[in-house]
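As a plain string of letters, each chain reads:
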Amino acid sequence: MKYLFSACLALSLLFGATAHAEPIVIKFSHVVAEDTPKGRGALLFQRLVAERLGGAVKVEVYANSSLFGDADEMAALQRGEVQMLAPSVSKFEAYTKQLQVFDLPFLFDDLEAVKRFQRREKSRELLRSMAGQNIYGLAFWNNGMKQLSATRELRAPADAKGLAFRIQSSSVLEAQFAALGAQAKRIPFGESLKALQAGTVQGTENAWSNMAAAGFDRAQPFITETNHGSLNYMLISSSSFWQSIPYATRSELEAIVEEVTAQVNEDAEELNRRGREQLLAAGQARLLSLSPAEREAWRSVMQPLWKQYEAEIGADVLRAAQTVNR
Ligand code: LMR
(Lines give C-alpha, C1' and ligand atoms only; values in the text may rest on other atoms or scores of the structure.)
Protein backbone atom coordinates (compact mmCIF):
# COMPACT_ATOMS: atom_id res chain seq x y z
CA MET A 1 0.00 0.00 0.00
CA LYS A 2 2.81 2.33 1.02
CA TYR A 3 4.63 1.54 -2.26
CA LEU A 4 1.47 2.11 -4.30
CA PHE A 5 1.02 5.49 -2.65
CA SER A 6 4.63 6.49 -3.35
CA ALA A 7 4.34 5.38 -6.97
CA CYS A 8 1.12 7.40 -7.42
CA LEU A 9 2.78 10.43 -5.84
CA ALA A 10 5.80 10.14 -8.13
CA LEU A 11 3.61 9.82 -11.22
CA SER A 12 1.42 12.73 -10.25
CA LEU A 13 4.51 14.86 -9.62
CA LEU A 14 5.94 13.85 -12.98
CA PHE A 15 2.78 14.56 -14.97
CA GLY A 16 1.99 17.61 -12.90
CA ALA A 17 5.41 19.00 -13.66
CA THR A 18 5.01 18.24 -17.38
CA ALA A 19 1.53 19.71 -17.54
CA HIS A 20 2.65 22.92 -15.92
CA ALA A 21 6.12 23.11 -17.48
CA GLU A 22 6.74 26.64 -18.68
CA PRO A 23 7.45 26.94 -22.39
CA ILE A 24 10.92 27.95 -23.52
CA VAL A 25 10.61 31.60 -24.48
CA ILE A 26 12.57 32.93 -27.44
CA LYS A 27 12.60 36.71 -27.63
CA PHE A 28 13.51 37.62 -31.22
CA SER A 29 14.51 41.25 -31.51
CA HIS A 30 15.32 43.15 -34.70
CA VAL A 31 15.68 46.69 -35.94
CA VAL A 32 13.61 46.86 -39.13
CA ALA A 33 9.97 47.02 -40.13
CA GLU A 34 7.74 43.93 -40.18
CA ASP A 35 7.17 44.09 -43.92
CA THR A 36 10.81 43.53 -44.87
CA PRO A 37 12.59 40.22 -45.59
CA LYS A 38 13.87 39.98 -42.00
CA GLY A 39 10.66 41.25 -40.43
CA ARG A 40 8.60 38.69 -42.33
CA GLY A 41 11.13 35.96 -41.54
CA ALA A 42 10.84 36.60 -37.81
CA LEU A 43 7.04 36.41 -37.98
CA LEU A 44 7.11 33.22 -40.08
CA PHE A 45 9.48 31.64 -37.55
CA GLN A 46 7.07 32.63 -34.77
CA ARG A 47 4.10 31.13 -36.62
CA LEU A 48 5.78 27.83 -37.52
CA VAL A 49 7.07 27.38 -33.97
CA ALA A 50 3.57 28.02 -32.61
CA GLU A 51 2.13 25.44 -35.04
CA ARG A 52 4.73 22.73 -34.48
CA LEU A 53 6.08 23.31 -30.99
CA GLY A 54 3.27 25.29 -29.40
CA GLY A 55 3.25 24.77 -25.66
CA ALA A 56 6.92 23.79 -25.60
CA VAL A 57 8.40 26.91 -27.22
CA LYS A 58 7.01 30.41 -27.50
CA VAL A 59 8.50 33.04 -29.79
CA GLU A 60 8.02 36.75 -29.08
CA VAL A 61 9.00 39.09 -31.92
CA TYR A 62 10.08 42.70 -31.30
CA ALA A 63 10.46 44.71 -34.54
CA ASN A 64 11.66 48.26 -35.21
CA SER A 65 14.28 48.34 -32.38
CA SER A 66 11.35 48.23 -29.92
CA LEU A 67 13.23 45.97 -27.48
CA PHE A 68 16.90 46.47 -28.37
CA GLY A 69 18.62 48.44 -31.11
CA ASP A 70 21.93 48.15 -32.92
CA ALA A 71 23.84 49.62 -30.00
CA ASP A 72 22.80 47.11 -27.36
CA GLU A 73 21.26 43.99 -28.96
CA MET A 74 24.43 41.89 -29.10
CA ALA A 75 25.26 42.51 -25.44
CA ALA A 76 21.63 41.73 -24.55
CA LEU A 77 21.95 38.38 -26.36
CA GLN A 78 25.08 37.52 -24.43
CA ARG A 79 23.41 38.48 -21.13
CA GLY A 80 20.45 36.25 -22.00
CA GLU A 81 17.91 39.09 -22.20
CA VAL A 82 17.05 38.16 -25.78
CA GLN A 83 17.52 34.79 -27.46
CA MET A 84 17.50 35.49 -31.19
CA LEU A 85 18.72 38.30 -33.42
CA ALA A 86 19.45 38.70 -37.11
CA PRO A 87 21.95 41.57 -37.32
CA SER A 88 23.42 42.57 -40.60
CA VAL A 89 26.79 40.86 -41.06
CA SER A 90 28.31 44.36 -41.09
CA LYS A 91 27.66 44.60 -37.36
CA PHE A 92 29.93 41.77 -36.15
CA GLU A 93 33.23 43.57 -36.49
CA ALA A 94 33.91 43.51 -32.73
CA TYR A 95 33.62 39.68 -32.79
CA THR A 96 35.18 38.64 -36.09
CA LYS A 97 36.82 40.42 -39.01
CA GLN A 98 36.06 37.59 -41.41
CA LEU A 99 32.46 38.61 -42.00
CA GLN A 100 33.74 41.87 -43.48
CA VAL A 101 33.96 39.94 -46.72
CA PHE A 102 30.24 40.62 -47.23
CA ASP A 103 30.84 44.38 -47.03
CA LEU A 104 33.43 44.56 -49.79
CA PRO A 105 31.94 46.70 -52.57
CA PHE A 106 31.40 45.14 -56.00
CA LEU A 107 32.57 41.73 -54.79
CA PHE A 108 29.28 39.98 -55.57
CA ASP A 109 27.59 40.66 -58.90
CA ASP A 110 24.12 40.00 -57.54
CA LEU A 111 22.15 38.26 -54.81
CA GLU A 112 22.44 34.91 -56.57
CA ALA A 113 26.23 35.14 -56.26
CA VAL A 114 25.86 35.95 -52.55
CA LYS A 115 23.68 32.85 -52.13
CA ARG A 116 26.23 30.68 -53.93
CA PHE A 117 28.92 31.93 -51.54
CA GLN A 118 26.70 31.25 -48.53
CA ARG A 119 26.34 27.63 -49.61
CA ARG A 120 30.11 27.12 -49.62
CA GLU A 121 31.96 25.40 -46.82
CA LYS A 122 33.89 28.62 -46.05
CA SER A 123 30.64 30.45 -45.35
CA ARG A 124 29.29 27.64 -43.23
CA GLU A 125 32.47 27.92 -41.12
CA LEU A 126 31.73 31.62 -40.58
CA LEU A 127 28.49 30.69 -38.84
CA ARG A 128 30.55 29.03 -36.11
CA SER A 129 33.39 31.54 -36.06
CA MET A 130 32.09 33.35 -32.96
CA ALA A 131 31.14 30.32 -30.87
CA GLY A 132 33.93 31.14 -28.41
CA GLN A 133 32.17 34.44 -27.76
CA ASN A 134 28.84 32.80 -27.08
CA ILE A 135 27.45 33.75 -30.50
CA TYR A 136 25.91 30.85 -32.39
CA GLY A 137 25.19 31.39 -36.09
CA LEU A 138 22.12 29.54 -37.31
CA ALA A 139 21.72 30.75 -40.88
CA PHE A 140 22.36 33.52 -43.37
CA TRP A 141 19.34 35.58 -44.33
CA ASN A 142 19.47 37.98 -47.24
CA ASN A 143 17.93 41.31 -47.95
CA GLY A 144 19.02 42.88 -51.24
CA MET A 145 21.64 44.79 -53.15
CA LYS A 146 22.48 48.23 -51.74
CA GLN A 147 21.85 51.55 -53.45
CA LEU A 148 23.22 55.00 -52.64
CA SER A 149 21.02 57.93 -51.72
CA ALA A 150 21.86 61.57 -51.05
CA THR A 151 20.67 65.13 -50.96
CA ARG A 152 22.34 65.66 -54.31
CA GLU A 153 22.76 63.69 -57.51
CA LEU A 154 25.42 61.02 -57.30
CA ARG A 155 26.31 60.08 -60.82
CA ALA A 156 30.09 59.99 -60.63
CA PRO A 157 32.18 59.03 -57.56
CA ALA A 158 33.40 62.64 -57.26
CA ASP A 159 29.80 63.75 -56.60
CA ALA A 160 29.97 62.13 -53.16
CA LYS A 161 33.01 64.14 -52.13
CA GLY A 162 32.52 66.17 -48.97
CA LEU A 163 29.18 64.57 -48.02
CA ALA A 164 28.65 62.63 -44.80
CA PHE A 165 27.01 59.22 -45.16
CA ARG A 166 25.18 57.17 -42.53
CA ILE A 167 26.71 53.71 -42.36
CA GLN A 168 26.32 50.51 -40.37
CA SER A 169 29.13 49.93 -37.89
CA SER A 170 31.75 48.56 -40.26
CA SER A 171 35.24 49.79 -41.02
CA VAL A 172 35.00 48.46 -44.58
CA LEU A 173 32.02 50.73 -45.14
CA GLU A 174 33.95 53.59 -43.56
CA ALA A 175 36.82 52.94 -45.98
CA GLN A 176 34.40 52.69 -48.89
CA PHE A 177 33.21 56.25 -48.31
CA ALA A 178 36.72 57.48 -47.53
CA ALA A 179 37.73 56.24 -50.99
CA LEU A 180 35.12 58.63 -52.38
CA GLY A 181 36.46 61.55 -50.35
CA ALA A 182 33.33 61.42 -48.20
CA GLN A 183 32.82 61.06 -44.47
CA ALA A 184 31.01 58.16 -42.84
CA LYS A 185 29.12 58.15 -39.55
CA ARG A 186 28.13 54.98 -37.74
CA ILE A 187 24.49 55.46 -36.77
CA PRO A 188 22.06 52.78 -35.52
CA PHE A 189 19.44 51.91 -38.11
CA GLY A 190 16.64 53.11 -35.85
CA GLU A 191 18.13 56.62 -35.77
CA SER A 192 19.01 56.88 -39.45
CA LEU A 193 15.95 58.72 -40.74
CA LYS A 194 16.22 61.27 -37.94
CA ALA A 195 19.91 61.83 -38.77
CA LEU A 196 19.07 62.30 -42.45
CA GLN A 197 16.26 64.70 -41.65
CA ALA A 198 18.40 66.67 -39.22
CA GLY A 199 21.16 66.96 -41.81
CA THR A 200 23.70 65.22 -39.54
CA VAL A 201 24.38 63.13 -42.63
CA GLN A 202 23.48 63.91 -46.22
CA GLY A 203 23.49 60.44 -47.68
CA THR A 204 23.31 56.74 -46.97
CA GLU A 205 23.26 53.29 -48.56
CA ASN A 206 20.73 50.54 -48.10
CA ALA A 207 18.57 47.96 -49.82
CA TRP A 208 15.38 49.15 -51.54
CA SER A 209 13.18 47.34 -49.04
CA ASN A 210 14.70 49.17 -46.06
CA MET A 211 14.75 52.54 -47.82
CA ALA A 212 11.07 52.22 -48.61
CA ALA A 213 9.97 50.79 -45.26
CA ALA A 214 11.91 53.41 -43.31
CA GLY A 215 10.85 56.28 -45.60
CA PHE A 216 14.34 57.51 -46.41
CA ASP A 217 12.91 59.33 -49.43
CA ARG A 218 11.50 61.91 -46.99
CA ALA A 219 15.05 63.22 -46.66
CA GLN A 220 16.85 61.85 -49.71
CA PRO A 221 15.75 63.35 -53.03
CA PHE A 222 18.19 61.27 -55.11
CA ILE A 223 18.78 57.52 -55.23
CA THR A 224 21.49 56.09 -57.46
CA GLU A 225 20.99 52.48 -58.52
CA THR A 226 24.53 51.27 -57.92
CA ASN A 227 23.92 47.71 -56.65
CA HIS A 228 27.43 48.14 -55.23
CA GLY A 229 27.08 45.80 -52.27
CA SER A 230 24.64 43.52 -50.56
CA LEU A 231 22.78 43.58 -47.26
CA ASN A 232 22.89 40.22 -45.52
CA TYR A 233 22.11 38.98 -42.05
CA MET A 234 23.27 36.26 -39.73
CA LEU A 235 20.50 34.69 -37.71
CA ILE A 236 22.06 34.11 -34.29
CA SER A 237 21.37 32.84 -30.83
CA SER A 238 23.76 32.52 -27.91
CA SER A 239 25.62 29.21 -27.76
CA SER A 240 24.67 28.77 -24.10
CA PHE A 241 20.95 29.23 -24.77
CA TRP A 242 20.80 27.18 -27.96
CA GLN A 243 22.64 24.25 -26.44
CA SER A 244 20.42 24.33 -23.35
CA ILE A 245 17.38 23.43 -25.50
CA PRO A 246 16.54 19.71 -25.32
CA TYR A 247 17.86 17.87 -28.37
CA ALA A 248 14.52 16.92 -29.98
CA THR A 249 13.13 20.44 -29.62
CA ARG A 250 16.36 21.99 -30.89
CA SER A 251 16.33 19.74 -33.95
CA GLU A 252 12.77 20.78 -34.73
CA LEU A 253 13.71 24.44 -34.28
CA GLU A 254 16.67 23.99 -36.63
CA ALA A 255 14.40 22.40 -39.25
CA ILE A 256 12.07 25.41 -38.95
CA VAL A 257 15.05 27.79 -39.28
CA GLU A 258 16.01 26.05 -42.51
CA GLU A 259 12.50 26.36 -43.91
CA VAL A 260 12.19 30.03 -42.91
CA THR A 261 15.63 30.80 -44.36
CA ALA A 262 14.56 29.50 -47.75
CA GLN A 263 11.42 31.62 -47.60
CA VAL A 264 13.26 34.80 -46.50
CA ASN A 265 15.76 34.41 -49.30
CA GLU A 266 12.97 33.89 -51.79
CA ASP A 267 10.94 36.87 -50.48
CA ALA A 268 13.94 39.18 -50.53
CA GLU A 269 13.94 39.69 -54.26
CA GLU A 270 10.22 40.38 -54.41
CA LEU A 271 10.25 42.79 -51.44
CA ASN A 272 13.15 44.75 -52.89
CA ARG A 273 11.47 44.99 -56.27
CA ARG A 274 8.32 46.23 -54.51
CA GLY A 275 10.29 48.69 -52.34
CA ARG A 276 11.88 50.15 -55.46
CA GLU A 277 8.49 50.53 -57.15
CA GLN A 278 6.96 52.14 -54.07
CA LEU A 279 9.73 54.70 -53.82
CA LEU A 280 9.48 55.57 -57.50
CA ALA A 281 5.68 55.79 -57.35
CA ALA A 282 5.82 58.05 -54.28
CA GLY A 283 7.76 60.52 -56.42
CA GLN A 284 9.76 62.09 -53.60
CA ALA A 285 13.10 60.71 -54.74
CA ARG A 286 14.49 60.70 -58.26
CA LEU A 287 16.12 57.55 -59.54
CA LEU A 288 19.49 57.79 -61.25
CA SER A 289 20.42 54.79 -63.36
CA LEU A 290 24.05 54.32 -64.30
CA SER A 291 25.41 53.32 -67.67
CA PRO A 292 27.89 50.40 -67.56
CA ALA A 293 30.76 52.89 -67.94
CA GLU A 294 29.45 55.07 -65.10
CA ARG A 295 29.08 52.05 -62.83
CA GLU A 296 32.58 50.97 -63.73
CA ALA A 297 33.89 54.31 -62.44
CA TRP A 298 32.40 53.58 -58.97
CA ARG A 299 33.83 50.09 -59.05
CA SER A 300 37.34 51.23 -59.87
CA VAL A 301 37.36 53.69 -56.95
CA MET A 302 36.04 51.14 -54.45
CA GLN A 303 37.63 47.87 -55.57
CA PRO A 304 41.08 48.55 -54.01
CA LEU A 305 39.42 47.77 -50.67
CA TRP A 306 39.54 44.05 -51.51
CA LYS A 307 43.32 44.05 -51.27
CA GLN A 308 43.29 46.37 -48.28
CA TYR A 309 41.11 43.98 -46.25
CA GLU A 310 42.41 40.66 -47.55
CA ALA A 311 44.67 39.96 -44.56
CA GLU A 312 41.96 40.71 -41.97
CA ILE A 313 39.29 38.72 -43.75
CA GLY A 314 41.56 35.86 -44.69
CA ALA A 315 42.78 35.15 -48.21
CA ASP A 316 40.91 31.81 -48.22
CA VAL A 317 37.55 33.42 -47.42
CA LEU A 318 38.08 36.20 -49.94
CA ARG A 319 39.09 33.71 -52.61
CA ALA A 320 35.97 31.61 -51.97
CA ALA A 321 33.83 34.74 -52.40
CA GLN A 322 35.64 35.92 -55.51
CA THR A 323 34.89 32.75 -57.39
CA VAL A 324 31.09 32.76 -57.17
CA ASN A 325 30.30 35.29 -59.89
CA ARG A 326 29.37 33.96 -63.30
C1 LMR B 1 21.14 48.87 -41.44
O2 LMR B 1 21.59 49.18 -40.33
O3 LMR B 1 21.06 49.66 -42.38
C4 LMR B 1 20.62 47.49 -41.65
O5 LMR B 1 21.51 46.59 -41.09
C6 LMR B 1 19.28 47.35 -41.02
C7 LMR B 1 18.76 45.96 -41.18
O8 LMR B 1 18.79 45.22 -40.21
O9 LMR B 1 18.32 45.64 -42.29
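Scroll up to find the structure.
The shown structure was predicted, so the numbers you read here are calculated from the model rather than taken from an experiment. (Residues numbered from 1 in each chain as written. Predicted model: local features only at pLDDT ≥ 70, side-chain atom pairs only at ≥ 80, totals over all residues. Heavy atoms only, no water.)

**Student:** Can you walk me through the side chain of Q83 in this structure?
**Tutor:** Checked against the element boundaries, Q83 lands in the loop between helix 3 (73–79) and strand 3 (84–85). Within the structure, Q83 has its side chain in polar contact with the backbone nitrogen of K27 (distance 2.9 Å). Excluding residues within four positions of it along the chain, Q83 makes contact with V25, I26, K27, L77, I236, S237, S238 and F241. (Helix = DSSP H or I, 4+ residues; strand = E, 2+ residues; numbered from the N terminus. Polar contact = N/O pair within 3.5 Å; in protein donor to acceptor, adjacent residues only side chain to side chain. Contact = heavy atoms within 4.5 Å.)

**Student:** In this structure, what is going on with the site of the ligand? I would like to understand it.
**Tutor:** Looking at the ligand, the residues that line it are V31, V32, K38, S88, K91, R166, Q168, F189, N206, N210, L231 and Y233. At 2.5 Å, a side-chain N or O of Y233 approaches an oxygen atom of the ligand. In isolation the ligand has 270 Å² of accessible area, and contact with the protein removes 100% of it. For the shell around the ligand, the residue count by class is 5 nonpolar, 4 polar and 3 charged. (Near = heavy atom within 4 Å. Areas by Shrake-Rupley, 256 points an atom, 1.4 Å probe, with all protein chains shown as cover. Nonpolar A, V, L, I, M, F, W, Y, C, P; charged D, E, K, R; others polar.)

**Student:** Looking at this model, I keep getting lost on the pairing of strand 5 (residues 164–167). Mind explaining?
**Tutor:** Regular strands have side chains that alternate between both faces of the sheet. Burial of the side chains of strand 5 extends over both faces: A164 and R166 are buried on one face and F165 and I167 on the other. Direction of pairing for strand 5 relative to strand 6 (residues 183–186): parallel, over a ladder of 4 bridges. Its bridge partner lying in strand 6, R166 is registered against K185. Following the chain from strand 5 across helix 6 (residues 171–179) to the adjacent parallel strand 6, one finds a crossover that is right-handed. Of the strand pairs in this sheet, strand 5 and strand 7 (residues 203–207) are connected by 2 bridges, and their pairing is parallel. Across the sheet, R166 pairs through a bridge with T204, a residue of strand 7. (Buried < 20%, exposed > 50% of the residue type's maximum accessible area, 1.4 Å probe, protein only. Pairing = 2+ DSSP bridges. Right-handed = clockwise from strand over helix to strand, strands pointing away.)

**Student:** Please clarify how the packing of aromatic side chains should be interpreted in this entry.
**Tutor:** What the rule picks out here adds up to 9 aromatic pairs. Aromatic pair F189 and F216: ring centres 6.1 Å apart, planes at 45°, arrangement tilted. Pair noted here: F189 is in the loop between strand 6 and helix 7 (192–198) and F216 is in the loop between helix 8 (208–214) and strand 8 (222–237), with a separation of 27 residues, a long-range link. Among the aromatic side chains, those forming a connected cluster through ring pairs are F102, F108, F117 and F140. Over the ring of Y136 we find R128; its NZ or CZ atom is 4.4 Å from the centre of that ring. (Phe/Tyr/Trp six-rings, centres within 6.5 Å; stacked < 30°, edge-to-face > 60°. Lys NZ or Arg CZ within 6 Å of the ring centre and 35° of its normal.)

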